[in-house]
Amino acid sequence: MTEFADRSVLVAGAGVTGRSVAVALRSMGARVTVTDASAERLAALADTGAELVAGLVEPPPGTDLVVTSPGWRPDSPLLVAAEVEVIGDVELAWRISERQARPPVWLAVTGTNGKTTTVRMLESILRAHGADAVACGNVGLPVLDAVLAGHGVLAVELSSFQLHWQSSLRVRAAAVLNVAEDHLDWHGSMAEYARAKGTVFAGAKVVVHNTADDWSARLAAEHGGTRIGFGLDTPRPGELGVVEDLLIDRAFVDDPATTAVELATLADVRPVGAHNVANALAAAALARAYGVSPEAVGAGLRAFEPGAHRAVPVAEVAGVRYVNDSKATNPHAAAGSLRAFESVVWIAGGLLKGASVDGLVVEVADRLRGVVLLGADAEVISASLARHAPDVPVERVGPGDHDAMIAAVRAAGAMARPGDVVLLAPAAASLDMYRDYAQRGDAFVDAVLGQEDRGDTGVR
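As the structure is a prediction and not an experimental result, all values here were calculated from the model. (Residues numbered from 1 in each chain as written. Predicted model: local features only at pLDDT ≥ 70, side-chain atom pairs only at ≥ 80, totals over all residues. Heavy atoms only, no water.)

1. Observations regarding the sheet that holds strand E14 (residues 261-265)
To keep it simple, the criterion reads: A pair of strands counts as paired when DSSP detects no fewer than two bridges linking them. Helix and strand assignments come from DSSP, with helices taken as H or I runs of at least 4 residues and strands as E runs of at least 2, each series counted from the N terminus. For helices, the fitted line uses only the C-alpha atoms of the stretch in contact; every axis is such a line through C-alpha atoms, and the angle between N-to-C directions lies from 0 to 180 degrees. Every residue pair with non-hydrogen atoms within 4.5 Å of one another is taken to be in contact.
Strand order in this open sheet of nine strands is E7-E8-E6-E9-E10-E11-E12-E13-E14, and the pairing throughout is mixed. Either end of the sheet is taken by a strand with one partner, and the two such strands are strand E7 (133-137) and E14. Strand-to-strand twist in this sheet, taken as the mean axis angle between neighbours without regard to direction, amounts to 20°. Across four bridges, the pairing between strand E6 (residues 105-110) and strand E9 (residues 173-176) is parallel. Looking at E9, one finds that leucine 107 is bridged to alanine 173. Its contacts with the sheet put helix H12 (residues 294-303) on strand E13 (246-249) and E14, and the angle it makes with E14 is roughly 10°.

2. Focus on the packing of aromatic side chains
Selection rule: For Phe, Tyr and Trp, where Trp contributes only its six-membered ring, two rings pair if their centres lie within 6.5 Å, and the inter-plane angle classes them as stacked under 30 degrees, edge-to-face over 60, or tilted in between. Relative accessible area decides the class of each residue, using a 1.4 Å probe on protein chains only: under 20% of the type maximum gives buried, over 50% gives exposed, and in between gives partly exposed. Counted as over-ring charges are cases with an Arg CZ or a Lys NZ within 6 Å of the ring centre that also lie within 35 degrees of the ring normal.
Inspection of every chain in the model, using the stated rule, returns two aromatic pairs. Both rings, one in tryptophan 94 and one in tryptophan 106, keep their centres 5.2 Å apart while their planes meet at 85°; by these two values the pair is edge-to-face. Linking tryptophan 94 in helix H4 (residues 89-98) with tryptophan 106 in strand E6, this pair joins segments that are 12 residues apart in sequence. Assessed through its relative accessible area of 9%, tryptophan 94 is described here as buried. Relative to tryptophan 186, the ring of phenylalanine 161 lies with its centre 4.5 Å away and its plane at 35°, an arrangement referred to as tilted. A residue pair is termed long-range when its members are at least 10 positions apart, and phenylalanine 161 in helix H7 (residues 160-164) and tryptophan 186 in helix H8 (residues 184-187) qualify at 25 residues. The buried category is assigned to phenylalanine 161, whose relative accessible area is 17%. The ring of tryptophan 215 is capped by arginine 218, whose NZ or CZ atom sits 4.2 Å from the centre of that ring. For lysine 327, the ring lying beneath its charged end belongs to tyrosine 437, and the centroid distance is 5.4 Å.

3. Considerations on the pairing of strand E17 (residues 344-348)
Counted residue by residue, E17 has five buried out of five residues, so it is predominantly covered. The side-chain alternation of E17 yields two buried faces, one formed by Val344, Trp346 and Ala348 and the other by Val345 and Ile347. Of the pairings in the sheet, the one linking E17 to strand E18 (residues 368-373) comprises five bridges and is parallel in character. Following the sheet pairing, valine 345 is matched in E18 by glycine 370.

4. Looking at helix H5 (residues 115-128)
Quick note on the threshold: Working rule for helices: expected span equals 1.5 Å times residues minus one.
Spanning 14 residues, H5 covers 20 Å between terminal C-alpha atoms, matching the ideal 20 Å at 1.5 Å per step. For H5, a buried count of 11 out of 14 residues is recorded, marking the element as mostly surrounded by other parts of the structure. Among all positions of H5, only Lys115, Thr116, Thr117, Thr118, Val119, Met121, Leu122, Glu123, Ser124, Ile125 and Leu126 are buried. Elements that come into contact with the buried residues of H5 comprise E6, E7, strand E8 (153-157), helix H9 (190-198), helix H11 (274-290) and H12.

5. Considering the side chain of threonine 63
Test applied: Distance and chemistry together define a polar contact, namely a pair of N or O atoms within 3.5 Å, with one atom able to donate a hydrogen and the other to accept it when in protein, and with adjacent residues in sequence counting only for side-chain atoms on both sides.
With respect to the helices and strands, threonine 63 occurs in the loop between strand E3 (51-54) and strand E4 (65-68). Judged by its relative accessible area of 12%, threonine 63 falls in the buried class. Here proline 60 takes part through its backbone oxygen, which lies 2.7 Å from a polar atom of the side chain of threonine 63. Leaving out residues up to four positions away in the same chain, threonine 63 has contacts with Ser8, Leu10 and Val84.

The quantities given are spatial measurements derived from coordinates; they are silent on function.
Written out as structure tokens, the structure is:
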């Protein structure tokens, strides 16, 4: 790409995104400098050929462009000091893809919860159709890598951070799954967080929204394109929904007023739970917008393998089931997980990132056998439980990692009765105690599976 040849580009951040951007721009002839607060992360990029400089607070003289990793806040001194354009990796990937001889089709997913599950479902459906498709973006594979690899269809997961740093994205079809309080410490307000999510709809030919989510529907109404709804009720014309045990399409048919087509059954959807049925419907809508057959939708959902730490059954001990949903990193996600079970001992806590848990506690109070709290914001959740579920037993465990989780599992097991579910659905981020939600989930699994060795199998 001659557009970047001999241009001086500063890459902010030396993580997965920073590596992807540095390698791509170097291959296009750009002069690349990478900066990061961590010398260790910078050292890992020594093989890229980029200049590595720790702790820059302003771009080097002569910088033509700044490409930031998505987690960098807009008020970061380096980005504030930039007098040239600042973009993210998604914006860069879009610009590059639009200049390719055969640009890929972008199908985009954002929302507070369910993004990764939905794009993975979408990838599976597209592959069942025979498309050269890959899930990318916030799901793990950098979108820039997917573009340069030449895939025909991209199932792109986009975070609010990534959307903040793009301006020209115009995808074939986009879905906003839901919008609830999250990352308010980064965006500053709910309105700004929602605004960032809504930018995914700009210029999209097909706009897919959740009929049960006010923010999703409102954002869709603010943009052009063909609007398609999805939800758990009987679908109206122009929607995908559920009739008895069937997933039904009344949007991508010859006459939506009189015609419907069966896509799959509820039994085809994994993991279990109403929120995952909604994710499957969103994935189906995006796939149908691309031209996927109803048969391929069903085949793709049946072939889909759920990711780790997402409502994964771990074991049954003394008649009590243990379920790992460590990926439930905010109250909205935890609510979806808790609604899937009738009687729960809930393990929760971590970093709430400014989100309120009052609505969550009110909604699920009648399902709670007991609650075990850990992490930095345990007191916030405890106070909410005292206000809205005062009869529910609550236990607190101290700091630590695996030891704290062992104590939490032991306390939860003591509260549980045969037929109950002990559910790790923290409603909060993990970084106060763990490297990430995966390490937290692994600690839970280890604690559950180690009960026999510790002599805890008699607890319920």
